[in-house]
Amino acid sequence: MPTPTTPPPTVTVADSRLHGYGIWDLHCHPVQGGDTAYKRMEHLVGYADRMGVERMCVYMAYPFPSVIDASPEQFRQDNDEIIAILKDWGSRAVGFVFVNPHHLKESLYEIERCVADGPMVGVKLWVGWNCTKPEYDPIVKRAAELKALIFQHCWYKAGGNDPAESTPQDLVELSKRHPGVPMVCGHTGGNWELGIRAIRSRREIHSGLAGSEPTAGYVEMAVRELGAERVHYGSDVEGRSFASQIAKVTGADITDEQKRMILRDNLRNMLLPIMQSKGMQA
């Protein structure tokens, strides 16, 4: 086979308009690119620089939990990885503590260790225990006391969810028990048309855009039904790409001011109280 004479295309930095937004990404997993926390984050920052992503919320890093019901040992190991990242990359990342309310005592301990006494600013809730369970209540209460942002993974599966996986409607039930506490509905349930309608009545619940295909109409509906102030850009990188997820917002038929809110200002404003209390620059 002949040797190719045309060099591979070079990757260029994204349009300067993206850098002008100073994007904050709600949903990032540093899981690839090296055998240390530093190298994995360095790998992720390289892509973020191309796309104008200034700050990243990082959680559930390496090793990514391989089971639905993460054990205390597993989520503690994950949180140690995030703390190591924040030591070196605190100017580019903020951390959310990953917990599993199925193990309530250990989860509350992790919130104290990583948020109250540590550098993290949010709480990441995944699967393992449905968010309608009463074990969630002490976690939400403590997060609210610390001004930590609560992020709950939510999904609607065509064949029906596992009982341990929450839907947007489940998050609404949790929110009703904790009025006024801000929460993010991760992925807006995957089926975003249902998810947006499910959370519409609870102004405390915000829509996280990460994770689905960059489908036309998603962001427009979220802005129309919820208001731009309740919509947050996130990528779910490295499961998805920065580019495809940013395109949901930049390609949407909304105003530039609304794009700026979704790409940066909404998340920054929600994290500002806890960041200031920790002496962190926002």
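Our subject is the structure listed above.
In this text, all values refer to a predicted model and were calculated from it rather than measured experimentally.

J.: Account for the packing of aromatic side chains, with residues named and values stated.
T.: Enumeration according to the criterion identifies six aromatic pairs in this entry. Relative to Phe96, the ring of Tyr59 lies with its centre 5.3 Å away and its plane at 35 degrees, an arrangement referred to as tilted. Taken together, the residues span a long stretch of sequence, with Tyr59 in the loop between strand S2 (53-58) and helix H3 (72-89) and Phe96 in strand S3 (residues 93-99) at a distance of 37 residues. Neither Tyr59 nor Phe96 differs from the other in exposure class; each is buried. Judged by centre distance (5.6 Å) and plane angle (40 degrees), the ring pair of Tyr59 and Phe151 falls under tilted. With Tyr59 in the loop between S2 and H3 and Phe151 in strand S5 (residues 149-155), this pair connects stretches of sequence that are 92 residues apart. No difference in accessibility class separates Tyr59 from Phe151, as the two residues are buried.

J.: Quick one: what's the story with the nonpolar core, residue by residue and with numbers?
T.: Residues Met56, Phe242 and Leu271 are the most contacted members of the largest nonpolar core, which totals 81 residues. The leading source of residues in this core is helix H10 (residues 256-277), at eight residues. Apart from residues lying up to four places away in sequence, Met56 is in contact with Asp25, Cys28, Met41, Leu44, Val45, Ala48, Arg92, Ala93, Val94 and Phe242. Met60, Phe75, Phe98 and Trp126 belong to the second largest nonpolar core, which has six residues in total.

Rules of the game
Residues numbered from 1 in each chain as written. Predicted model: local features only at pLDDT ≥ 70, side-chain atom pairs only at ≥ 80, totals over all residues. Heavy atoms only, no water. Phe/Tyr/Trp six-rings, centres within 6.5 Å; stacked < 30°, edge-to-face > 60°. Helix = DSSP H or I, 4+ residues; strand = E, 2+ residues; numbered from the N terminus. Buried < 20%, exposed > 50% of the residue type's maximum accessible area, 1.4 Å probe, protein only. Core = buried A, V, L, I, M, F, W, Y, C linked by side-chain atoms within 4.5 Å. Contact = heavy atoms within 4.5 Å.

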